Amino acid sequence: MVDSRKLITATLFGVVIGVVYGAIPFEIGDSLIVFEAILLSLSYILLGPGGATYTGIINGLVETPLQLSFGPFAFGVALLYGVLVDLFCSIFKVTYEGKVRPKRLVASLTLSTIIVGVAATYAFIAFGFGTTAPFLELYLPILVVGAVSGTVGGVLGARLWDRNLKHRFAPVQRSSN
């Protein structure tokens, strides 16, 4: 059974991401991807596999009505990002015996962020929302920003978990009286 505190926290993460990204222009939101990376990583740590996907779905449901012109696209990107974070965190076994492995979290978020950035940009152009540009002018910056954002998101996510959240979500010890 899922701890309701963890589920509520992951839900709030999704709502916060959706409100922040829904309130700002799509192009500016992409530069703040580190914020989303941190919250998705924490959702995975809290809920395990499926946690980041759950938060991504909540994000998409909140963001879609706020970004009407890009609604389904925004939902798809939010869902894809959550799925990729879950996938890579599971493959790299980010959590082990109740501990978070920071280097593996960084690798998971870096790969997820790069893939989402490239896929979202390609889809954005393919659906006619933007114009094409040469590879070096368009995709290279996305690769660099994705790598930096994923790395920073992984480091900050691991630190936030270890220093602030791990003790709040530790299993409740019940006395045997």
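Anything mentioned here points back to the structure above.
Residues numbered from 1 in each chain as written. Predicted model: local features only at pLDDT ≥ 70, side-chain atom pairs only at ≥ 80, totals over all residues. Heavy atoms only, no water.

1. Things to note about unusual backbone geometry
Right, on to step 1. Of note, Lys93 is a non-glycine position whose phi angle comes to about 50°, a positive value.
Right, on to step 2. Mapped onto the secondary structure, Lys93 falls in the loop between helix H5 (71-91) and strand E1 (95-96).
Right, on to step 3. Residues other than glycine seldom take positive phi values, yet Glu97 does so here, at roughly 50°.
Right, on to step 4. With respect to the helices and strands, Glu97 occurs in the loop between E1 and strand E2 (99-100). (Helix = DSSP H or I, 4+ residues; strand = E, 2+ residues; numbered from the N terminus.)

2. Focus on the packing of helix H3 (residues 33-47) against helix H4 (residues 51-66)
Right, on to step 1. Two elements in contact, H3 and H4, have axes separated by 7 Å at closest approach and are oriented at 130°. Here H3 is positioned oblique relative to H4, judged by the angle of their axes. In this structure, H3 meets H4 at a crossing whose hand is right-handed. Contacts between H3 and H4 involve Glu36, Leu40, Ser43, Tyr44 and Leu47 on the former and, on the latter, Gly51, Ala52, Tyr54, Thr55, Gly56 and Asn59.
Right, on to step 2. Of the residues in the contact of H3 with H4, the class split is five nonpolar, five polar and one charged. (Axes fitted to C-alpha atoms, helices over the stretch in contact; angles between N-to-C directions. Parallel < 35°, antiparallel > 145°, perpendicular 65-115°, else oblique. Left-handed = near helix turned anticlockwise from the far one by under 90°. Contact = heavy atoms within 4.5 Å. Nonpolar A, V, L, I, M, F, W, Y, C, P; charged D, E, K, R; others polar.)

3. Things to note about helix H1 (residues 4-23)
Right, on to step 1. Over its 20 residues, H1 runs 28 Å from end to end, which matches the ideal 28 Å to within 8%, given 1.5 Å per residue.
Right, on to step 2. Among the residues of H1, those classed as buried are Thr9, Ala10, Phe13, Gly14, Ile17, Gly18, Tyr21 and Gly22. (Expected span 1.5 Å × (residues − 1). Buried < 20%, exposed > 50% of the residue type's maximum accessible area, 1.4 Å probe, protein only.)

Note that all results are geometric; they support no functional claim without further evidence.
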